[in-house]
Amino acid sequence: MDAEVMKMLAVGIGVGLGMLGPALALGLIGYSALQGIARNPEARGPILTNMILVAGLAEAIGIYVLIVAILLVFVV
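Reading the values: rules and limits
Residues numbered from 1 in each chain as written. Predicted model: local features only at pLDDT ≥ 70, side-chain atom pairs only at ≥ 80, totals over all residues. Heavy atoms only, no water. Helix = DSSP H or I, 4+ residues; strand = E, 2+ residues; numbered from the N terminus. Rg over C-alpha atoms; globule rule 2.2 N^0.38 Å. Buried < 20%, exposed > 50% of the residue type's maximum accessible area, 1.4 Å probe, protein only. Contact = heavy atoms within 4.5 Å. Salt bridge = Lys/Arg side-chain N within 4 Å of Asp/Glu carboxyl O. Patch = residues over 30% accessible without salt bridge, like charges linked within 9 Å, V, L, I, M, F, W, Y side chains within 5 Å. Areas by Shrake-Rupley, 256 points an atom, 1.4 Å probe, with all protein chains shown as cover. Expected span 1.5 Å × (residues − 1).

Right, let's talk about the overall build of the chain for a bit. The number of helices and strands found in the chain is 2 helices and 0 strands. Relative to the 2.2 N^0.38 estimate, which gives 11 Å for 76 residues, the radius of gyration of the chain is 18 Å and therefore markedly larger than a compact globule would have. Along the first, second and third principal axes, the C-alpha set of the chain runs to 60 × 20 × 5 Å. Classification of the 76 residues of the chain by burial places 16% in the buried group.

See the structure below:
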């Protein structure tokens with residue numbers, strides 16, 4: 001294997017592991033929000049507001065991983 005192949009392999013593994021965190025976070029956020037709404041339907045508004053806020057923050061981590069991967073591919 002030459003250096004270019006190793007670099008692409010490292011970027012692929014890094015993105016795969018880096019995107020695993022946001023994917024699990026979004027699943028847990030949705031699960032917890034639906035469970036909370038099922039237990040207390042009157043609190044639907046605040047639960048959904050907080051869910052959207054936290055989902056956006058979790059999604060930002062995935063975007064950071066993507067930016068780092070693009071930088072590794074084209075700069076390093």
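Past the structure itself, the notes keep going.
Tracing the chain through its elements places L72 in helix α2 (residues 44-74). Look at L72 and you get partly exposed, because its relative accessible area is 36%. In the structure, L72 is positioned 65 residues away from K7 in sequence and 8.1 Å away in space, judged by C-alpha atoms. Every residue in contact with L72, bar those within four places of it in the chain, is listed here: K7 and V11.

For the structure on display, the rule yields 1 salt bridge. Across the pair E4 and K7 runs a salt bridge whose closest N-O atoms are separated by 3.7 Å. One end of the pair, E4, and the other, K7, are both in helix α1 (residues 3-39), 3 residues apart, so they sit about a helical turn from each other. Take E4: its relative accessible area is 44%, and that puts it in the partly exposed class.

Residues M19, I63, Y64, L66, I67, V68, I70, L71, L72, F74, V75 and V76 make up a contiguous nonpolar surface patch of about 1,200 Å² in total accessible area. With 9 residues, α2 is the largest single contributor of residues to the nonpolar patch. Mapped onto the secondary structure, F74 falls in helix α2. For F74, a relative accessible area of 68% translates into the label exposed.

Once that is clear, we can look at α2. Taking 1.5 Å of rise per residue, 31 residues should cover 45 Å, and α2 covers 45 Å from first to last C-alpha, within 8% of that figure. The complete set of buried residues in α2 reads A55, A58, G62, V65 and A69. For α2, the secondary structure elements touched by its buried residues are α1.

Let's shift gears to α1. An α-helix turns once every 3.6 residues. As a result, residues three or four positions apart point the same way. Given a rise of 1.5 Å per residue, 37 residues ought to cover 54 Å, and the 54 Å separating the end C-alpha atoms of α1 matches this to within 8%. Among the residues making up α1, those that are buried are K7, V11, P22, I29, A33 and I37. Contacts made by the buried residues of α1 are with α2.

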